[in-house]
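Single-letter residue listing:
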Amino acid sequence: LCLAGVDLEYVGLTCGSVDGPDEAATDDGDRPAWDSKIQYVLAQVGFSVGLGNVWRFPYLCHQNGGGAFMLLYVFLLVVVGVPLFFMELAAGQSIRQGSIGVWKHISPKLGGIGYSSCMVCFYVALYYNVIIAWSLFYMGNSFQYPLPWEKCPTNVTSNDTVKECAASSPTSYFWFRKALNITNSIEESGEFNPIMTGCLLAAWAIVALVMYFSSIFPYVVLFIFLIRGLLLDGALEGITYMFYPKLEIWGNVQVWRQAATQVFFALGLGYGSVIAYSSYNPVHNNCHRDALMVSCINFMTSVLASLVVFIVLGFRAKNIALRCVAEYVFNTHLLSVRLSGSAFSHVFPLSYYLVCVQGVEGTGLAFIAFTEVMAFFPASPFWSTLFFLMLLNLGLSTMFGTMQGILTPLMDNFSLLGRHRTLLTVSSCALGFIIGLLFTQRSGNYFVTMFDDYSATLPLVIVVIFETISVAWVYGTDRFLDDIEIMLKWRPPVVYKYLWKYVCLLAMVSLLAASLLRMVFKGPTYTAWNQSTASEMTLEYPGWALAMIIMLIVFASLPVPVSYIYSLVKNRWVRSTPSQVEVGQEMRRERISYVNMLGGISPGHGFSLVLIKGS
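Within each chain, residue numbers correspond to sequence positions counted from 1 in written order. Reporting in this predicted model follows two pLDDT cut-offs: at least 70 for local features of residues, and 80 or more for side-chain atom pairs to be given and counted; totals over whole chains, interfaces and linings ignore these cut-offs and use all residues. Where side-chain values are given, they derive from all heavy atoms of the structure, hydrogens and water being excluded.

## Considering the overall build of the chain
Basically, it comes down to this: The numbering of helices and of strands both runs from the N terminus, where a helix is a DSSP run of H or I of at least 4 residues and a strand a run of E of at least 2. Between buried and exposed lies partly exposed: a residue is buried under 20% and exposed over 50% of the maximum accessible area for its type, with that area taken using a 1.4 Å probe on protein chains only. In what follows, residue pairs with any heavy atoms lying within 4.5 Å of each other are defined as contacts. Using a 1.4 Å probe, accessible areas were evaluated by the Shrake-Rupley method; residue-level cover was limited to the displayed protein chains.
Broken down by element type, the chain carries 26 helices and four strands. Residues classed as buried in the chain amount to 54% of the 615 residues present. Taking contacts inside the chain between residues at least 6 apart in sequence as the whole, the part at least 24 apart equals 82%. Approximately 27100 Å² of the chain is accessible, and the part contributed by carbon and sulfur atoms is 65%.

See the structure below:
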């Protein structure tokens, strides 16, 4: 009956084959494929290695005990990150579908997992491209000497230094006032920033025109900055602080939560992009080796970026400390004191560096700390252009992977969209630009923070929890390992079975619980820039913003239960139709007689009938 093309799904039967992956490959011969293995690896690395490796990982490492955080991160990467990454690679390569098709294949009730992945990807794409727009703005301003953030501007009328700049710093003033022209809080929306709107349009145009980009350039730039940074005063102190372990932080639950969250973000778990990329692989590709290789490259990139960041922060901290010392010496009339080298290290021990660079995170690291340091470099426009070109490259490579996480499953599941790939890509980018105008208001940075902190994190963990349940408990780990064995020609270690079924699931449920408890008891807050005091302050989100946060989380998670309920209702309705029931009974009788006729024929001959629950 299967070979004859009879549709048995509505009567509780499904056609299957023990050849699984091989037959899937032949059934899907028209599916596009990578030109080479190196192209696939570069694309996968380009997606997983992004801006978070440059600013989120170094910040977390700095705030949570340096080397101790690295050890904790490596532990969670090995125990949770690599197994889940391998699971997504194997699922995509075996089933050869995007995120929606993969989970529908496992069970029609679980198709909502793929739609939730698409929603999370869309959220991330909206605000991620704004960061690319910021990088374009800074790169454009780097083609002038001196750099516009080297010195404070003067007031044209009074010929005095602008007060806001004098009270903060040239780099902070340029970022908050010239680039963002930011309001004092999220409640003051302000008008649209025309320059940033143009940069956002340019960023989306680049994404629409180019859906593949080199992944090598960021490494070249990072190594150049590493070599240049090692020549800076304070570089050794910064590196020492980075690797000095404070093991007592392991007792802090929040550090575990942050390390686990970073593993999710670093590997791109739950987005669907990993599945989308691996679905274009040859069916016998060694996805286990790919999982280990990409994970190792990702971690080493984070370490390389952290070295550059800590060198820069060490230089910045020493300059701040020397200014503090100069003011202290001047105020106490100790003008003959000279602090440098070993004398500086004696008066200001290693722990002083923690105080000097507090709060340097994310955009603040890239657009304030780095810009401040590059202003001291000879030929500063060159270094500035190189740095922001690297950020642009990192952002675009991740953005292309994110878009694949949206487009591939939609094209796989909706033939009309699949036939109009270009139109779908351009339309998605246009929609992203229109919604992204929210982030080009004067208060846009606060919305970027909101999306980054809440719209992706919790839904992402929920998606991966359901992915793991689908593979480990619905499909079955033994069955999944059988499929992988057919693909790889060898069976992965049995430890993956227990990691998927118990360790990863427990770790993710704990992470979800810790994140929810922190959100409830601490309350969502954001950092705002106060123009009058020229300083940052922490504010609570207003009621409408809290409602927006809840809506973002609910909308991203809603497809999972909706799809499950829809599938249940559909199955009950189909079974209650008399004519179809009669057809089902007749086909069951035919199936029994046909199986009896086959007698001892093994199902390995390319034909099998699989009973599912309720049949």
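Still more to cover.
## Here we look at the pairing of strand β2 (residues 525-530)
Where we set the bar: Only when DSSP finds a minimum of two bridges between them are two strands counted as paired.
Where β2 and strand β3 (residues 535-540) come together, six bridges link them in antiparallel fashion. Residue pairing for β3: Tyr526 is matched across the bridge by Leu539. Taking the residues that link successive antiparallel strands as the turn, the β2-β3 hairpin has four residues, and the phi of Ala534 there is positive, at about 55°.

## Digging into the environment of Cys165
By secondary structure assignment, the location of Cys165 is in helix α7 (residues 163-167). Remark: the alpha-carbon pair of Cys165 and Thr154, spanning eleven residues in sequence, is separated by 9.4 Å. Ignoring sequence-local partners within four residues, the contact set of Cys165 consists of Cys152, Pro153, Pro170 and Tyr173.

## Describing the UniProt feature "binding site: Na(+) 1" (unreviewed entry) in the chain
Here is the rule we go by: UniProt positions are given in the numbering used here, feature names are shortened, and annotations may be inferred rather than shown by experiment.
Under the present numbering, the feature "binding site: Na(+) 1" (unreviewed entry) in UniProt falls on Gly46, Asn53, Asn298 and Leu394. Maximum C-alpha separation among the annotated residues is 12.5 Å over a sequence range of 349 residues, consistent with a single clustered spot. Locating Asn298 in the fold gives a position in helix α14 (residues 287-331). If we ignore the near neighbours within four places in the chain, the residues touching Asn298 are Ser48, Val49, Asn53, Tyr73, Ala266 and Leu267.

## Considerations on the confidence of the model for the chain
Test applied: Scored from 0 to 100, pLDDT reflects the predictor's confidence in each residue.
The share of residues in the chain with pLDDT of 70 or more is 80%, and the mean pLDDT across the chain is 77. Overall, residues 1-27 carries pLDDT values under 50, and its contacts beyond four positions in sequence, including any with other chains, amount to 54 contacts. Counting contacts from residues 333-357, a segment whose pLDDT is below 50, to residues more than four positions away or on other chains yields 36 contacts.

## Focus: the packing of helix α6 (residues 112-141) against helix α8 (residues 170-179)
Note the threshold: Convention adopted: a line fitted to C-alpha atoms gives each axis, helices being fitted over their contacting stretch, and angles between N-to-C directions are expressed from 0 to 180 degrees. For classification purposes, an angle smaller than 35 degrees is called roughly parallel, one larger than 145 roughly antiparallel, one from 65 to 115 roughly perpendicular, and anything else oblique. Crossing handedness is read from the near helix: turned anticlockwise from the far helix by less than a right angle, it gives a left-handed crossing, and turned clockwise, a right-handed one. Residues are grouped as follows: Ala, Val, Leu, Ile, Met, Phe, Trp, Tyr, Cys and Pro are nonpolar; Asp, Glu, Lys and Arg are charged; every other residue, Gly included, is polar.
Interaxial distance between α6 and α8 falls to 13 Å at its minimum, and their mutual angle equals 115°. Judged by the angle between their axes, α6 and α8 are roughly perpendicular. The way α6 lies across α8 gives a crossing that is right-handed. For the pair formed by α6 and α8, the contact residues are Trp134, Phe137, Tyr138 and Asn141 on the first element and Phe174, Trp175, Lys178 and Ala179 on the second. Residue composition of the contact of α6 with α8, grouped by class: six nonpolar, one polar and one charged.

## What to know about the pattern of salt bridges
Condition: Between Lys or Arg on one side and Asp or Glu on the other, a salt bridge is scored when a side-chain nitrogen of the former is within 4 Å of a carboxyl oxygen of the latter.
Counted under the stated rule, the structure contains five salt bridges. Of the charged contacts, one joins Asp290 and Lys37 as a salt bridge, the two residues approaching to 3.1 Å between their closest N and O atoms. Placement of Asp290 in helix α14 and of Lys37 in helix α2 (residues 37-48) is noted, with a sequence separation of 253 residues between them. The salt bridge involving Glu485 is made with Arg491; its shortest N-O contact spans 2.9 Å. Residue classification places Glu485 among the partly exposed residues on the basis of a relative accessible area of 33%. Each of Asp482, Glu485 and Arg491 takes part in one network of salt bridges that share partners.

## A closer look at the environment of Glu191
In this structure, Glu191 sits in the loop between α8 and α9 (194-209). As a C-alpha pair, Glu191 and Arg442 span 251 residues in sequence and 6.2 Å in three-dimensional space. Leave out the neighbours within four places in its chain, and Glu191 touches Asn181, Thr440, Gln441 and Arg442.

## Structural notes on the packing of aromatic side chains
Definition in use: Here a pair means two rings of Phe, Tyr or Trp (six-membered ring of Trp) with centres within 6.5 Å. Their orientation is stacked below 30 degrees between planes, edge-to-face above 60, and tilted elsewhere.
Throughout the structure, instances matching the rule amount to 34 aromatic pairs. Ring centres of Phe387 and Phe388 lie 5.1 Å apart, and the angle between their planes is 75°; this geometry places the pair in the edge-to-face category. An identical accessibility class is assigned to Phe387 and Phe388; each is buried.

## Here's the deal with unusual backbone geometry
The peptide bond linking Tyr145 to Pro146 adopts the cis configuration, its omega dihedral lying at 0°. Along the chain, the position of Pro146 falls in the loop between α6 and α7. Positioned with a positive phi, Arg96 is a non-glycine residue whose angle comes to about 60°. Position of Arg96 relative to the elements: it lies in the loop between α4 (67-95) and α5 (99-106). For Arg96, a relative accessible area of 7% gives the class buried.

## Considering the state of the cysteines
The cut-off we apply is this: Any cysteine sulfur atom paired with another within 2.5 Å is treated as part of a disulfide.
Counted under the stated rule, the structure contains one disulfide. Cysteine Cys121 is unpaired, with the sulfur of Cys118 as its nearest cysteine sulfur at 6.6 Å.

## Considering the environment of Glu467
Mapped onto the elements of the fold, Glu467 is located in helix α22 (residues 457-488). Classification of Glu467 as buried rests on a relative accessible area of 0%. Between the C-alpha atoms of Glu467 and Gly114, which are 353 residues apart in sequence, the distance is 9.1 Å. Once residues lying within four places of it in the same chain are set aside, the contact partners of Glu467 are Met87, Glu88, Trp103, Ile113, Ser117 and Gly270.

## Comments concerning α8
Taken across its ten residues, α8 has eight buried, putting it largely inside the fold. One or two steps after α8, the chain reaches Asn181, where phi turns positive at roughly 45°.

## Observations regarding the side chain of Glu88
Along the chain, the position of Glu88 falls in helix α4. Exposure remark for Glu88: the relative accessible area of 1% places this residue in the buried category. When residues no more than four places from it in sequence are discounted, the contact partners of Glu88 are Gly268, Leu269, Gly270, Val274, Ile275, Ser278 and Glu467.

## Looking at helix α12 (residues 253-267)
The cut-off we apply is this: Expected span, for any helix, means 1.5 Å times one less than how many residues it has.
Over its 15 residues, α12 extends 22 Å from the first C-alpha to the last, a length consistent with the 21 Å expected when each residue adds 1.5 Å. Among the residues of α12, those classed as buried are Val255, Arg257, Ala259, Ala260, Thr261, Gln262, Val263, Phe264, Phe265, Ala266 and Leu267. Taken from the residues just after α12, Gly268 is the one with a positive phi, measuring 70°.

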